[in-house]
Amino acid sequence: MTYLDHAATTPLLPEVLAAMTEQLGRVGNASSLHASGRAARRVAEQARERLAEALGARPSEVLFTGGGTEGDNLAVKGIFWARQEADSRRRRLVVSPAEHHAVLDSAEWLAKHAGADLTWVSVEPSGRVTPEALRAALGDGSDVAVASLMWANNEIGTVSDLAALAAVAHEVGVPLHTDAVQAVGQVPVDFGASGVDALTMTGHKLGGPMGAGVLLLRRDAECMPLLHGGGQERDVRSGTLDVAAIVGLQVATCLAVAGREERATRLRALRDRLVAGVVVQVPDAQLNGAPLDDELAGGPGRLPGNAHLSFPGAEGDALLMLLDARGVECSTGSACSAGVARPSHVLLATGADPDRARSSLRFSLGTTSTDADVDAALEVIGPVVERARRAGMNRR
Amino acid sequence: MRVLAAMSGGVDSAVAAALAVDAGHDVTGVHLALSPDRRTLRSGARGCCSVEDAHDARRVADELGIPFYVWDLAERFTEDVVDDFVAEYAAGRTPNPCLRCNERIKFAAVLDRARALGFDAVVTGHHARLVDGLLRRSVDAAKDQSYVLAVLRPDQLAGALFPLGGMTKHRVREMAAERGFAVAAKADSHDICFIPDGDTRGFLARRLGEQPGPVVDAGTGATVGTHAGTYGFTVGQRRGLGVAAGDSRPRYVLGIEPVSRTVTIGTADLAGVGEVRTAVPTWTAGAPELPLRAEVQLRAHGGPVPCTVRCAPDGGLAIELDTAQRGVAPGQSAVLYAPDAERGDLVLGQGAVLGTS
């Protein structure tokens, strides 16, 4: 099996498994006052401190969540509600059309149910949001509740300069949330240095467990809770702490951050070889997103493990199926609940036509990727594309 | 063989896929998303393309350990089946959308795509026998679906597998239960999948709007009432005519004339039909020699009628019925069978009904 879908999820690291297994055998609610509770709390708080250090945050800024979707929902809705309560003129939400659905659908939900006005920030053809575009969308900022812009795009891997974007938002007094689910461990992410007010990350994209994530929330940021209850996590996210998952998340994050540079160099070489090899076999294949060697202030302008390509005349879901049948696992990047392939909203946001958006595939490399994986993909991609082109559907 | 299992989420296609796996084929499951509105939920036994049905199909595929995909054919289905259905009614005919779906979607768009992707055949849960390229009625007469498959041509049948034709529906449910499929007791789907509330007249009224016209009694030539649209009527229909005849004898729809929007009704003695003319026929295994003695079935749940089939000058068929029939509606298929009690009646082919006399 050739697993080239690390942007969907990653294999659990052995160190993570060991650390979690150790905790799973213990009793103790981290909110309890007795010895078992204190022991659990000690482990959770130690994890919080280590995570904060790895991400450039203060421990008090680390709020444990159930993952990326929850973090995005909590930040977008919670900050919107809090800012609107403080000043009812703040009705605008500023987001990019290339955001993950956890942000997009939260924003649209607020528009439908909470009177929010959505302002879309235009994205460049690479998928990047520029400070100029954000400035134009914010205006004088007085009526903006919150802005949310992703650090790295989950489909096409384009990285934006969040420090520059946060500076623009703060010029007009607007808090900025960023979905950094794909960025942490892939590109340098320093919460404090970036200046962003809230940041979502999750464990299973970097070798940790599913269902465990973090919302980094600046100490002075106001955010209303989605979940009410015991008042854990600064009263912003109630619920008994899942100590084993938190430890797994922390171990994975620390390993990913510590090994980032070395891994990035290795993945980038593999990724570049994959893209070059695909283009040799399918000369009209189009690379989506930023150029492979794109650079931003502070790091790469494209995720090192991301290769996102369109194959004109072939449909993404046919390509996916044919590759799956040959043991190569990748993704079309977007699927609805029923599993129906839709043209990628990210590519459409970058200005790609629907046919290009429908004919795309995402290969995402990660810790376990090897030269053999790239070879395996290159061995089958030519015939697979040729076959998929013959099988065009919805066409006559 | 590399086989694509079309999995609706119902019990029949689940067992058909399982049998294909048992037979040693390399099976991949596919659910066809046909409704443009993916949020549609099942209501009772109707509909077949909701999110829940896709989930049910995926559960079975996962239990069988086969790959599973959803193919979005909503656009093709809307054009080739739903729009065709509406246009046929607008033209005064009574279409069969399941037959059209088999002809243009399942054994055309899907089969073509499957072949292009390297599959040898499409397996479905239809109740019909297909052995050595010959299509026959199911052993379960009550569930037989050969009528809606009769439109298939030899090259389409060559790419089809119907593993359920040799067993009863009861046995299919038993097999599903034995395998622990959650869909074993799922209600049969019936009616038209894209009209989940079963209100065909209401569906057509929304599409076509009100198109009032006269209801004329063939016996007297008098206008005896009005109607809101000819699409609310089918030749042979007795109930819901909305007119009171002068006498107590029941009236039947005899004809629909879409241009003047006239619905003609008449008594039973006028409703009988002795000859049926069809469009150019399709044959499941090549054209037989005509004239021919055969049996004809004139609607999905009709019984077989002995007949003599001749070639009409326009290339269609002239089918002379041994006994007069009521309710032979233009747009339906006249499906021809060669009776065979032992191996199952053989489906010869079909022609779309153009008119009667």
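Here is what the cut-offs are and how they apply
Residues numbered from 1 in each chain as written. Chains lettered and ligands numbered in written order. Predicted model: local features only at pLDDT ≥ 70, side-chain atom pairs only at ≥ 80, totals over all residues. Helix = DSSP H or I, 4+ residues; strand = E, 2+ residues; numbered from the N terminus. Rg over C-alpha atoms; globule rule 2.2 N^0.38 Å. Buried ≥ 20, exposed ≤ 12 C-beta atoms within 10 Å, placed from the backbone. Contact = placed C-beta atoms within 7 Å. Pairing = 2+ DSSP bridges. Domains from an automatic or database assignment. Nonpolar A, V, L, I, M, F, W, Y, C, P; charged D, E, K, R; others polar. Core = buried A, V, L, I, M, F, W, Y, C linked by C-beta atoms within 7 Å. Axes fitted to C-alpha atoms, helices over the stretch in contact; angles between N-to-C directions. Expected span 1.5 Å × (residues − 1).

**Some points on the overall build of chain A**
Along chain A, the regular secondary structure elements total 13 helices and 14 strands. The C-alpha atoms of chain A give 21 Å as radius of gyration, which agrees with the globular expectation for 396 residues (21 Å, within 12%). Expressed as lengths along the three principal axes of its C-alpha atoms, the size of chain A is roughly 65 × 50 × 40 Å. Looking at chain A as a whole, 54% of its 396 residues are labelled buried. Residue pairs in contact within chain A that sit at least 24 positions apart in sequence constitute 75% of those at least 6 positions apart.

**Digging into the pairing of strand E6 (residues 134-137) of chain B**
The pairing of strand E5 (residues 128-131) of chain B with E6 of chain B spans four bridges and is antiparallel. Note that in E6 of chain B the partner of Val 131 of chain B across the bridge is Leu 134 of chain B.

**Observations regarding the domain arrangement of chain A**
Quoted interface sizes are often the accessible area lost when the parts come together. All names here are of chain A. Domain boundaries in chain A define domain 1 (2-9 + 260-390) and domain 2 (14-257). Placing a centre on the C-alpha atoms of domain 1 and another on those of domain 2 gives a separation of 27 Å. Contacts between the two partners involve 29 residues from domain 1, matched on the other side by 28 residues from domain 2. Elements represented by at least two residues in the side of domain 1 that touches domain 2 include exactly helix H9 (260-281), strand E11 (299-300), strand E12 (306-310) and helix H11 (345-349). It is H11 that contributes the most residues to the side of domain 1 that touches domain 2, three residues altogether. Tallied by class, the residues present in the side of domain 1 that touches domain 2 amount to 10 nonpolar, 16 polar and three charged.

**Quick notes on the nonpolar core**
Formed by 129 residues in total, the largest nonpolar core has its most connected members in Leu 319 of chain A together with Ala 5, Ala 14 and Ala 17 of chain B. In terms of residues, this core owes the most to one element, helix H1 (residues 11-22) of chain B, which gives eight residues. Ranked by size, the runner-up nonpolar core spans 93 residues in total, among them Ala 30, Leu 55, Ala 147 and Leu 176 of chain A.

**Looking at the sheet that holds E12 of chain A**
Residues and elements named next belong to chain A. Taken in spatial order, the three strands line up as E9-E12-E14 in an open sheet, and their pairing is antiparallel. This sheet does not close on itself; its edge strands, each paired only once, are strand E9 (286-287) and strand E14 (360-364). Where H9 meets the sheet, its contacts fall on E9, E12 and E14, and the angle it forms with E12 comes to roughly 15°.

**Considerations on unusual backbone geometry**
Of note, the bond from Leu 290 of chain B into Pro 291 of chain B is cis; its omega dihedral lies within 30 degrees of zero at 0°. By the secondary structure assignment, Pro 291 of chain B is in the loop between strand E13 (282-283) and strand E14 (292-297). For Glu 233 of chain A, which is not a glycine, the phi torsion comes out positive at approximately 55°. Mapped onto the elements, Glu 233 of chain A comes out in the loop between strand E8 (213-217) and helix H8 (243-258). By C-beta crowding, Glu 233 of chain A is classed as buried, having 21 other C-beta atoms within 10 Å. Of note, Arg 261 of chain B is a non-glycine position whose phi angle comes to about 55°, a positive value. Relative to the helices and strands, Arg 261 of chain B resides in the loop between strand E10 (251-257) and strand E11 (262-267).

**Topic: the domain arrangement of chain B**
All names here are of chain B. Its domain assignment divides chain B into domain 1 (2-125 + 163-185), domain 2 (210-271) and domain 3 (273-356). Its C-alpha centre places domain 2 at a distance of 26 Å from the equivalent point of domain 3. Contact with domain 2, which involves five residues of that partner, is made by five residues of domain 3. In terms of residue class, the side of domain 2 that touches domain 3 is made up of three nonpolar, two polar and no charged.

**A short note on the sheet that holds strand E2 (residues 62-65) of chain A**
Residue and element names in this part refer to chain A. Reading across from one edge, E2-E8-E7-E6-E5-E3-E4 is the order of the seven strands in this open sheet, with mixed pairing throughout. Strands with a single pairing partner mark the edges of an open sheet, and in this sheet they are E2 and strand E4 (117-120). In this sheet, adjacent strand axes meet at a mean angle of 20° when their direction is disregarded. Alignment of E2 against E8, held across four bridges, turns out to be antiparallel. Along E8, the bridge assignment pairs Thr 65 with Gly 213. Those strands touched by helix H3 (residues 68-86) are E2, strand E3 (92-95), strand E5 (144-148), strand E6 (176-179), strand E7 (198-202) and E8, and its axis lies near 160° from that of E5.

**Considering the environment of Thr 262 of chain B**
Residue and element names in this part refer to chain B. Mapping Thr 262 onto the fold places it in strand E11. For Thr 262, a count of 17 C-beta atoms within 10 Å corresponds to the partly exposed category. For the pair Thr 262 and Leu 290, spaced 28 residues apart in sequence, the C-alpha to C-alpha distance is 36 Å. The residues touching Thr 262, leaving out its near neighbours within four places in the chain, are Gly 213, Pro 214, Val 216 and Glu 257.

**Here we look at H8 of chain A**
Relative to the 22 Å expected for 16 residues at 1.5 Å per residue, H8 of chain A spans 22 Å between its end C-alpha atoms, a close match to the ideal helical length. Most of H8 of chain A sits inside the fold, with 14 of its 16 residues counted as buried.

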